[in-house]
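The primary structure of each chain is shown beneath.
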Amino acid sequence: MALWKISAKNSTNAPCKNKSQKIEKGMFVETSTASSTPPLGQTREHPMLAQLFKSKYGIEIDPSHMNRSYFDCVRMG
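Rules used in this analysis
Residues numbered from 1 in each chain as written. Predicted model: local features only at pLDDT ≥ 70, side-chain atom pairs only at ≥ 80, totals over all residues. Heavy atoms only, no water. Phe/Tyr/Trp six-rings, centres within 6.5 Å; stacked < 30°, edge-to-face > 60°. Helix = DSSP H or I, 4+ residues; strand = E, 2+ residues; numbered from the N terminus. Lys NZ or Arg CZ within 6 Å of the ring centre and 35° of its normal. Buried < 20%, exposed > 50% of the residue type's maximum accessible area, 1.4 Å probe, protein only. Pairing = 2+ DSSP bridges. Core = buried A, V, L, I, M, F, W, Y, C linked by side-chain atoms within 4.5 Å. Contact = heavy atoms within 4.5 Å. Axes fitted to C-alpha atoms, helices over the stretch in contact; angles between N-to-C directions. Polar contact = N/O pair within 3.5 Å; in protein donor to acceptor, adjacent residues only side chain to side chain.

## Notes on the packing of aromatic side chains
In this structure the tally under the stated criterion is 2 aromatic pairs. Seen in terms of ring centroids, Phe 53 and Phe 71 are 5.2 Å apart; in terms of plane orientation they differ by 55°. Their pairing is tilted. Taken together, the residues Phe 53 in helix α1 (residues 46-57) and Phe 71 in strand β3 (residues 71-75) connect sequence positions 18 residues apart. A network of ring pairs unites the aromatic residues Phe 53, Tyr 57 and Phe 71 as a single cluster. The ring of Phe 28 has Lys 5 lying over it, and the distance from NZ or CZ to the ring centre is 4.6 Å.

## Section: the pairing of strand β1 (residues 2-8)
Along a regular strand, successive side chains alternate from one face of the sheet to the other. Within β1, 5 of the 7 residues are buried, leaving the element largely enclosed by the surrounding structure. Inspection of the sheet shows β1 paired to strand β2 (residues 28-33) by 6 bridges, in the antiparallel sense. When the bridges of β2 are listed, Leu 3 appears paired with Ser 32. Pairing geometry for β1 and β3, over 5 bridges, is antiparallel. Directly across from Trp 4, in β3, lies its bridge partner Arg 75.

## As for the nonpolar core
With 17 residues, the main nonpolar core has Ile 6, Ile 23, Leu 40, Phe 53, Ile 61, Met 66 and Phe 71 as its most contacted residues. Residue assignment for this core shows that the elements contributing at least two residues are β1, α1 and β3. The element contributing the most residues to this core is β1, with 4 residues. Excluding residues within four positions of it along the chain, Ile 61 makes contact with Pro 15, Cys 16, Lys 17, Ile 23, Ala 50, Phe 53, Met 66 and Phe 71.

## A closer look at the sheet that holds β1
In space, the 3 strands of this open sheet follow the order β2-β1-β3, with antiparallel pairing throughout. The sheet terminates laterally at β2 and β3, the two strands that pair on one side only. Averaged over all adjacent pairs, the angle separating strand axes in this sheet is 25°, with direction ignored. α1 rests against β1, β2 and β3 of the sheet, and its axis sits at about 140° to β2.

## With respect to the side chain of His 46
Tracing the backbone through its elements, the reader meets His 46 in helix α1. With relative accessibility at 10%, the residue His 46 sits in the buried group. A distance of 3.2 Å separates a polar atom in the side chain of His 46 from the backbone oxygen of Met 66. Once residues lying within four places of it in the same chain are set aside, the contact partners of His 46 are Pro 39, Leu 40, Pro 63 and Met 66.

Here it is, written out as structure tokens:
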């Protein structure tokens, strides 16, 4: 089991479904995975990560934009 921190690299509206919303640099969510593979590298994990941002910040992220262009992924444990 691995714990991950997914954080926004920059302030932008590019990955948002609603372009009037914006992610801010430093916004983050935490999640755990059964494997040691980063969740940003696993397409099946993208909808779950987008849902975590929606739950925490109320921002709808397009799951297809959950990638290293907009987010950093750091293993915490």
